[in-house]
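One letter stands for each residue in the lines below.
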Amino acid sequence: MDAFMSQFLEAGETHVSNLVLRNYRKIGLSSDELIFLIHLLSFNQAGNKFPDTNQVASQMGVTAQETYTLLQKLIEKKVISIKTIDDSNGYSTDQFDFSVLYEKLNNLSQRTQEKVEVVNSNNSRKEVYEKIEVEFGRPLSPMELESISMWIDQDHYLPELILMALKEAVLNQAYSLKYMDRILLNWEKKHIKTSQDIKKDKEKRQQQNFSNNVKNNDNTKESNDKPEIPLYHWSN
């Protein structure tokens, strides 16, 4: 067992990102092509940047022709490429380049994220429609739906900000999009873009009101503390 463990440790490890294992089918690879790719990564991480197909075939237990076919498929599918490197002595050597694989995974990740964002955006938009209809107590007209869409798509108001404007409108018993639009425009002038910004603005106004009240009280007190000046009728 000790001899085996020594052999096990000396063999080293091959690092393969879980992104490759989870998404290899999504980038168009078969199971055989994935195994071949892992073997190429193994050679690469061991320092052999351009292994002979016979070497890979020996490890995989297949023919050199089969590994050559697999190599051609990976190149055609733009999962790997062959890059020529010039060393300091002027000699050129070839090596496998895996950057196209990482770019492919990155593009897949971005497309997936974009799909998630579209779904979330559609859900948020639907939530805004539904909450406004509930508060207004009626269905929205096509023109009103278009106006709300313009808030989101053209004015880039966050759904949470629109819902905060709805809350302000309801508190003032103004059940109209025009009133909400005035609120949103006012917030835009103040560079208010999130619910957190609204909270800060309210706290600032409360502080200003408090300071003004204190100042007014001081002025009143000062006025009351002044001695009363008697009025004389000089005409008498």
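As the structure is a prediction and not an experimental result, all values here were calculated from the model. Here the residue numbers are simple positions, counted from 1 along each chain's written sequence. It should be noted that, the model being predicted, local features are given only for residues of pLDDT at least 70 and side-chain atom pairs only at 80 or more, the latter also being counted only at that level, while totals for whole chains, interfaces and linings use all residues. Excluded from the side-chain calculation are hydrogens and water; included are all heavy atoms of the structure.

A few points about the pairing of strand β1 (residues 81-86)
For the record, the criterion: We call two strands paired when DSSP finds no fewer than two bridges between them. Labels follow the DSSP assignment, with helices taken as runs of H or I lasting at least four residues and strands as runs of E lasting at least two, numbered in each case from the N terminus.
One ladder, built from six bridges, connects β1 with strand β2 (residues 92-97); its direction is antiparallel. Bridge assignment links S81 to a residue of β2, and that residue is D97. Here β1 folds back onto β2, and the loop between the two strands holds five residues, one of which, G90, carries a positive phi near 90°.

Focus on helix α6 (residues 99-136)
The condition is simple: Helix span, as expected, comes to 1.5 Å for every residue beyond the first. When a residue's accessible area, from a 1.4 Å probe over protein chains only, is under 20% of the maximum for its type it is buried; when over 50% it is exposed; and in between it is partly exposed. Residue contacts follow a heavy-atom distance rule, with two residues in contact if any of their heavy atoms lie within 4.5 Å.
Between its first and last C-alpha, α6 extends 55 Å over 38 residues, near the 56 Å set by a 1.5 Å rise per residue. Among the residues of α6, those classed as buried are L101, L105, L108, R125, V128, Y129, I132 and F136. The elements touched by buried residues of α6 are α2 (18-23), α3 (31-45), α7 (142-153), α8 (159-171) and α9 (177-189). Looking one or two residues beyond α6, the residue adopting positive phi is G137, at roughly 75°.

Examining helix α4 (residues 53-60)
Applicable threshold: Polar contact criterion, stated in full: a pair of N or O atoms within 3.5 Å, where within protein one must be able to donate a hydrogen and the other to accept it, and residues adjacent in sequence count only if both atoms are side-chain atoms.
In this structure D52 caps α4, since a side-chain oxygen of it lies 2.7 Å from the backbone nitrogen of N54. Among the residues trailing α4, G61 stands out with phi positive, at a value near 75°.

What to know about the packing of aromatic side chains
Threshold: Note on aromatic pairs: the rings of Phe, Tyr and Trp (six-membered ring only in Trp) are paired at centre separations within 6.5 Å, and the planes decide the class, stacked below 30 degrees, edge-to-face beyond 60, tilted for the rest.
Under the criterion given, the structure shown has two aromatic pairs. Seen in terms of ring centroids, F50 and F96 are 4.7 Å apart; in terms of plane orientation they differ by 35°. Their pairing is tilted. With F50 in the loop between α3 and α4 and F96 in strand β2, this residue pair connects regions lying 46 residues apart in the sequence.

A word on the confidence of the model for the protein
Here is the rule: Here pLDDT means the predictor's own confidence in every residue, given as a number from 0 to 100.
Mean pLDDT over the protein works out to 86, with 86% of the residues at or above the 70 mark. At the level of individual helices and strands, the protein shows its lowest average pLDDT in helix α1 (residues 2-10), which scores 68, and its highest in helix α5 (residues 64-76), which scores 95.

Here's the deal with the side chain of N23
Relative to the helices and strands, N23 is located in helix α2. Within the local environment of N23, its side chain forms a polar contact with the backbone oxygen of L19, the two atoms lying 2.9 Å apart. For N23, the contacting residues outside a window of four places in its chain are L105 and L108.

Re the pattern of salt bridges
Just so we agree on the cut-off: Throughout this description, the term salt bridge denotes a Lys or Arg side-chain nitrogen within 4 Å of a carboxyl oxygen of Asp or Glu.
Scanning the model with the defined rule gives seven salt bridges in all. In this structure, E127 engages K131 in a salt bridge whose closest nitrogen and oxygen atoms are separated by 3.1 Å. A residue pair is termed a helical-turn pair when its members lie 3 or 4 positions apart in one helix, as E127 and K131 do in helix α6 at four residues. Under the relative-accessibility criterion, K131 is labelled partly exposed at 39%.

Quick look at the packing of α3 against α4
As a reminder, the rule being used: What counts as an axis is a line fitted to C-alpha atoms, over the stretch in contact for a helix, and the angles between N-to-C directions run from 0 to 180 degrees. In a left-handed crossing the near helix is turned counterclockwise from the far helix by less than a right angle, and in a right-handed crossing that turn is clockwise.
Between α3 and α4, whose axes approach to 11 Å, the crossing angle comes to 115°. In terms of crossing hand, the pair formed by α3 and α4 is right-handed. Residue-level contacts link D32, I35, F36, H39, L40 and F43 of α3 to Q55, V56, Q59 and M60 of α4.

Details of the packing of α7 against α9
Convention followed: Any angle that falls under 35 degrees is termed roughly parallel, while one over 145 is termed roughly antiparallel, one within 65 to 115 roughly perpendicular, and all others oblique. Amino acid classes used here: Ala, Val, Leu, Ile, Met, Phe, Trp, Tyr, Cys and Pro are nonpolar; Asp, Glu, Lys and Arg are charged; the rest, including Gly, are polar.
At a minimum axis distance of 11 Å, the contact between α7 and α9 shows a crossing angle of 10°. With respect to α9, the element α7 is oriented roughly parallel. Contacts between α7 and α9 involve E144, S147, I148 and W151 from the former and L177, M180, D181 and L184 from the latter. Split by residue class, the contact of α7 with α9 holds five nonpolar, one polar and two charged.

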